[in-house]
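An overview of the molecular structure
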Amino acid sequence: MTRGILARKIGMTQLFTDSGTVMPVTVLQSGDCKVVQTKSSPVEGYDAVQLAFDERATRKGVPQPLLGHYKAAGLKPHRVLRELRNGSGKPGDAVTVELFSAGDIVDVIGVSKGKGFAGQVKRHNFGRGPVSHGSHNIRQAGSIGSVDAARTFKGVRMAGHMGSHRTTVRNLEVVRVDAERHLILIKGAVPGHTNAVVMIRSSEGGQ
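Here we come to the overall build of the protein chain. Helix and strand counts for the protein chain stand at 3 helices and 12 strands. The C-alpha atoms of the protein chain give 22 Å as radius of gyration, which overshoots the globular expectation for 207 residues (17 Å, by more than 25%). Considered along the principal axes of its C-alpha atoms, the protein chain spans approximately 70 × 50 × 35 Å. Residues classed as buried in the protein chain amount to 33% of the 207 residues present. Considering only intrachain contacts with a sequence separation of at least 6, the fraction spanning at least 24 residues in the protein chain is 70%. Summed over its atoms, the accessible surface of the protein chain is roughly 12,800 Å², and 50% of this surface lies on carbon and sulfur atoms. When the 29 basic and 16 acidic side-chain charges of the protein chain are each reduced to a single mean position, those positions are 12 Å apart.

Structure follows, in structure tokens:
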């Protein structure tokens, strides 16, 4: 079974190893993660659990069907609802950071930071054009089509919105787990801005 939990990204800091090496870590906090629904292969066609995070203070703005969905699990409405494939648990169960321990290898799933509209050089790491006298294409794109297609093919790398898409960073190491403060420290960077909600799941190739 896949272990998983929802957590909020607090920020980054650094730890010192026993050898004195500096290790960058991301601090994630998860104090209110509950199982809402369990899905099974005979009924839904696949095995999964629904996890809810960040309980709402009021029911205002929550659709009526979603209120009934939470009520069936004996829970109040939450702000975030995500699905974990091959997870375990029953509705109403609380999921804590004690699910993981130091040394575990995990995947972190989140939405990357949005960078706004960006050109090809920043967005796709294109090289620049000549910068000699009279050049007008220092940061402009080159050819975007073939000779006789009379159109531009789909998928051509061009300027556009950069970032703000679902991203998975795999095989990250859990450095420390603080059960009292519901904190989990993961080596390296994870996707998303500060206060973004991410999913931490056990890596298929990890422990």
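Further notes follow.
What follows is about the sheet that holds strand S10 (residues 166-178). Strand order in this closed barrel of 6 strands is S1-S2-S11-S10-S7-S12, and the pairing throughout is antiparallel. Taking each pair of neighbouring strands and ignoring which way they run, the sheet shows an average axis angle of 50 degrees.

With that settled, the discussion passes to the nonpolar core. With 25 residues, the main nonpolar core has Leu28, Leu51, Val106, Ile184, Ile186 and Ile200 as its most contacted residues. For this core, the elements supplying multiple residues, two or more each, are strand S1 (4-16), strand S3 (33-39), strand S4 (48-55), strand S5 (78-85), strand S7 (105-111), S10, strand S11 (183-187) and strand S12 (197-202). Those residues in contact with Ile184, other than ones at most four positions away along the chain, are Thr26, Val27, Leu28, Val97, Phe100, Val174, Arg176, Val177 and Ile200. Judged by nonpolar contacts, the second largest core, of 6 residues, contains Met23, Val25, Leu183 and Leu185.

A separate point is the packing of aromatic side chains. Following the criterion strictly, the structure yields 0 aromatic pairs and no others. Between the NZ or CZ atom of Arg85 and the centre of the ring of Tyr46, over which it lies, the distance is 4.0 Å.

Rules used throughout
Residues numbered from 1 in each chain as written. Predicted model: local features only at pLDDT ≥ 70, side-chain atom pairs only at ≥ 80, totals over all residues. Heavy atoms only, no water. Helix = DSSP H or I, 4+ residues; strand = E, 2+ residues; numbered from the N terminus. Rg over C-alpha atoms; globule rule 2.2 N^0.38 Å. Buried < 20%, exposed > 50% of the residue type's maximum accessible area, 1.4 Å probe, protein only. Contact = heavy atoms within 4.5 Å. Areas by Shrake-Rupley, 256 points an atom, 1.4 Å probe, with all protein chains shown as cover. Lys, Arg positive; Asp, Glu negative; His and termini not counted. Charge placed at Lys NZ, Arg CZ, Asp CG, Glu CD. Pairing = 2+ DSSP bridges. Axes fitted to C-alpha atoms, helices over the stretch in contact; angles between N-to-C directions. Core = buried A, V, L, I, M, F, W, Y, C linked by side-chain atoms within 4.5 Å. Phe/Tyr/Trp six-rings, centres within 6.5 Å; stacked < 30°, edge-to-face > 60°. Lys NZ or Arg CZ within 6 Å of the ring centre and 35° of its normal.

Function cannot be read off these values alone, since they describe shape.
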